[in-house]
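Notes for the structure review
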Amino acid sequence: MSDYNFAYLDEQTKRMIRRAILKALAIPGYQVPFASREMPMPYGWGTGGVQLTAACLVPDDRLKVIDQGADDTTNAVSIRAFFQRTAGVAVTTATTQATVIQTRHRIPETPLTDGQILIYQVPIPEPLRFLEPRETETRRMHALEEYGLMHVKLYEDIARHGQIATSYAYPVKVEGRYVMDPSPIPKFDNPKLSDNPAIQLFGAGREQRIYALPPWTQVVSLDFDDHPFVASKADHACDLCGARDSYLDEVVTDDVGSRMFVCSDTDHCTTRRDAGHTGRLAEVAA
Amino acid sequence: MYVAVKGGERAIANAHAWLAEERRGDPAEPLLSVAQIREQMALAVNRVMAEGSLYDPDLAALAIRQARGDLIEAVFLIRAYRTTLPRLGSSVPVDTGAMAVDRRVSATFKDLPGGQVLGPTFDYTHRLLDFAEAAAMDPAPLGTPGPARVPHVTAILDRDGLIEPVAPDDTPAPDLTREPLELPASRALRLQALARGDEGFLLSLAYSTQRGYGRTHAFVGELRIGRVPVEMEIPELGFAIQIGEIELSECETVNQFKGSRTEPAQFTRGYGLVLGQSERKAIAVSLVDRALRWQELGEDDSGAPAQDAEFVLSHCDNIQATGFLEHIKLPHYVDFQAELELVRRLRQEANEAAS
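Residues numbered from 1 in each chain as written. Chains lettered and ligands numbered in written order. Predicted model: local features only at pLDDT ≥ 70, side-chain atom pairs only at ≥ 80, totals over all residues.

A few words now on the overall build of chain B. When its secondary structure is counted, chain B shows twelve helices and four strands. Per-residue burial for chain B yields a buried fraction of 30% across its 355 residues. Long-range pairs, those at least 24 residues apart, make up 65% of the contacts in chain B between residues at least 6 apart in sequence. (Helix = DSSP H or I, 4+ residues; strand = E, 2+ residues; numbered from the N terminus. Buried ≥ 20, exposed ≤ 12 C-beta atoms within 10 Å, placed from the backbone. Contact = placed C-beta atoms within 7 Å.)

Dropping the structure here:
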C-alpha cells in the first residue's frame, strides 16, 4: 500500500481530525463538527472510529479492534486488517496489551489503564435526535442546556412500562454539563464510562461529529431519585468461563429452546479460561 | 453444540474470492475493457463522475466494472479514491456562456439566438427495443456540425428586467468535502451538495414540487450540455491558464414570482449544474434549488420536504445513505441482547402483576 500515507489518511486530514479531538477533549461531551472523509469502508460501518484511529496511531502502537466485544467478528477482522495493511502496526486481542482499542457497542470488561485510548464507533451522536430530528434545534438545546425533553421521555417510559425502557445507547450527563450518547453500548457498560483512566474518543463519520471523555471524567447515567439507574445484564453466569460479572451473549443452541450464555468480551472469556475458570458447558464446548 | 463465531478472516477471504468470480461472469465471454465501458456506457460513467464528484471518465469506467455495474458502489469507489487526493486549489469559475454546446434547448422561447439544438437526446426516440441492436450494427458515421457559442436565455430576460438579477459573487466557494456541512447552508453550498446528491432522490423531490409539495411553477428556460474549459490561476505566473476541459449539464429554470411589496413582478430562478451529460439530474437540481429558496424570496413554508434544507441536505448523499442503511446487517447481538432482557423483564413483571 505504498500509494497511501501511513494509516491511510493524509497528514493534513489527520491534523484536522487531531484539532477536533483536542477541542472535544477540552469540552467533554460536546459534539465537535469535523470534515469527515469518505473512507474505503461504508458509512455506518465505523468510518468515524476508523478516522479517529488513523489520526491517533503512531508506528509503535498496538491496536485491538472489537465488535460486539469480540475480536473475531467480521467487521472487527476487516478493520484490523485495514490498519495492518495501511499502517503496519502491531495488533493484539489482549485488552491489557493494546495501546489503542477501536470498539463497536462494548467497553472491554478488563479495566483500562492510563495511556490507553478507547475509540468508539458512533452511528447517531446526538442523544436528542429521536426526540427532535433537526440538528439546528438540537444544537440550540445543548447550547442552552435545555434537557427537559430527555427527562420527559424517560418519565414517559416509567409511566408506560414501570421503568426506563432504554437498554442500550443509554444517555449520560458529562461533568454536569452535556448530555451525551455513549454510542450503542449496553447500559451494563455505562458505569465504566465514568472515572476511566483511559482517553475515550467517539467518532461519527457520516454525521461528521467527534466527541470525547478525557481521563477521569465524571459521567452519570440519567435517572430519577425514585428510579435509579441499574446496569443490567442477563441473569446467568458465562457457560464457558463461569464469570458472573461480565456482559453475556445469548446463543441459541438448538431449535427446541436451548440456550447458552457466553461472555460477549472474547478476550475476557479466553483469559479466564486460560487461568482455569470453567463454566457449566466448558467441557462440551471444548 | 456451541459453534464459536470464529473464522471471520477466512470467511471474508472466501467471500472476496467468490465476488471476484461472480464479477468476471462466464470466462467464455470476453472481459469488458474499461474503454468499452467509457465509450458505450457513457451516461453511467457520467452519473458516477457526478455523484462521485470526480471528473475522470476512465476511473469511473473502471469503478463501474469493479462494482459489477452497481452504480452506487462505483460512486463509493470513486469517493474513497477522491478523498485521498490533495486539494491543490480551485479553478476560476467556469463560464458556461462560453460552453461549446452539443445540446441546448429552451422551453420558454420557440426560437432564440443560437437556436434550439437537440443534440444526442433520447427525447424523441420511440422506446422500442431495437432487436437489430443485438447484432451490434455500427451506425452510419455522421458529419456533426461544430459546436457553437450561444448566449444564455436568462440573460435575454435579465436585459428587460423580467427576471431577478443575480449579483456576481466573488466569495470563495465552500467545499463540503473539506468542511463539515453546517446549517443553515448558503445557496452555493446547497447547490454543491445537490450536484453530488443521488439522482433518484433528487428526481423524486423535484417531482414532488411539481405535484404540489412546494410548487414553484418551473419552466425550463434553458438546458445546455457541452464542454467548457477549466482554468486555474497559477500564482507563479500571475494569470490563469487552461488545465483541461469538462462536460457539464446546466439547467436554468424560470419560475413565477408574486407577492413582493416593493418590487414589480419578476420571474425567479432555479439553477442546476452537474458534471457530465446528466440532464434529468440538472433539471431536478434546479427545481429543488428553487424550492429551497422559499425563505429568501419571502414565500410561505408549506411544510413540503423539498422546502426543508436540513431534510434535503442531510439525506441526498447516497453514499451516506447506503452505508447507514446497510450497516444494520452488521451484528447487533449486544444491543439485541439488552433489548431481549428488557422485554423479558417487562413481560415477567406484567405477568406477575396480572396473577
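In this complex, chain A contributes 50 residues to the contact, which on the side of chain B involves 40 residues. If you list the elements that add at least two residues to the side of chain A that touches chain B, you get α3 (74-86), α4 (135-143), β11 (248-252) and α8 (282-285) of chain A. For the side of chain A that touches chain B, the per-class residue count stands at 21 nonpolar, 17 polar and twelve charged. (Nonpolar A, V, L, I, M, F, W, Y, C, P; charged D, E, K, R; others polar.)

Residues and elements named next belong to chain B. Per-residue confidence for chain B averages 89 on the pLDDT scale, and 94% of its residues sit at or above 70. The low-confidence segment residues 1-5, where pLDDT is below 50, has ten contacts with residues more than four positions distant or belonging to other chains. For this predicted complex, the interface confidence score (ipTM) comes to 0.78, while the overall pTM stands at 0.86. (pLDDT = per-residue confidence, 0-100.)

Turning to the domain arrangement of chain A, a few remarks are in order. Residue and element names in this part refer to chain A. Domain boundaries in chain A define domain 1 (11-125 + 172-221) and domain 2 (248-285). For domain 1 versus domain 2, the distance between C-alpha centres works out to 27 Å. With twelve residues of domain 1 at the interface, the matching set in domain 2 holds five residues. In the side of domain 1 that touches domain 2, the residues fall into three nonpolar, five polar and four charged. (Domains from an automatic or database assignment.)

Another aspect to go through is the pairing of strand β2 (residues 218-234) of chain B. Regular strands place side chains that alternate from one sheet face to the opposite one. Residue and element names in this part refer to chain B. With five bridges connecting them, strand β1 (residues 100-105) and β2 associate as antiparallel partners. Opposite A100, over in β2, you have R227 as the bridge partner. With 16 bridges joining them, β2 and strand β3 (residues 239-255) adopt antiparallel strand pairing. Opposite I234, over in β3, you have F239 as the bridge partner. A loop of four residues connects β2 with β3, the two strands running antiparallel in sequence, and G238 in this loop sits at a positive phi of about 85 degrees. (Pairing = 2+ DSSP bridges.)

This part takes up helix α1 (residues 11-26) of chain A. Residue and element names in this part refer to chain A. Between the first and last C-alpha of α1 there are 22 Å, a value that for 16 residues agrees with the 22 Å anticipated at 1.5 Å per step. Along α1, the residues that are buried comprise T13, M16, I17, A20, I21, A24 and L25. Contact partners of the buried residues in α1: β1 (32-33), α2 (47-56), β8 (199-204) and β9 (209-213). (Expected span 1.5 Å × (residues − 1).)

All names here are of chain A. For β9, the buried fraction is high: five of the five residues fall into the buried class. Of the two faces of β9, the one lined by R209, Y211 and L213 and the one lined by I210 and A212 are each fully buried. Where β1 and β9 come together, two bridges link them in antiparallel fashion. Bridge pairing in β9 places P33 opposite R209. Strand direction decides the pairing type here: β8 and β9, joined by five bridges, are antiparallel. Note that in β9 the partner of G203 across the bridge is I210. Between β8 and β9, which pair antiparallel and follow one another directly, the connecting turn spans four residues, one of which, Q208, has a positive phi of 55 degrees.

The next point concerns the sheet that holds strand β10 (residues 219-221) of chain A. Residues and elements named next belong to chain A. Reading across the sheet, the three strands line up as β7-β6-β10 and stay open at both edges, with antiparallel pairing between neighbours. Sheet topology places β7 (178-180) and β10 at the edges, where each strand pairs with a single neighbour. Here the strands of the sheet are splayed against their neighbours by 30 degrees on average, with no regard to which way each runs. Judged from the three bridges that link them, strand β6 (residues 172-174) and β10 form a sheet pairing that is antiparallel. Bridge assignment links V174 to a residue of β10, and that residue is V219. (Axes fitted to C-alpha atoms, helices over the stretch in contact; angles between N-to-C directions.)

A few words on the domain arrangement of chain B. All names here are of chain B. In terms of domain boundaries, chain B breaks down into domain 1 (9-82) and domain 2 (96-121 + 145-167 + 174-323). When each unit is reduced to the centre of its C-alpha atoms, the spacing between domain 1 and domain 2 is 29 Å. Contributions of two or more residues to the side of domain 1 that touches domain 2 are made by α3 (42-52) and α5 (71-82). Among the elements that line the side of domain 1 that touches domain 2, the one with the most residues is α3, at six residues. Taken together, the residues of the side of domain 1 that touches domain 2 sort by class into seven nonpolar, two polar and three charged.

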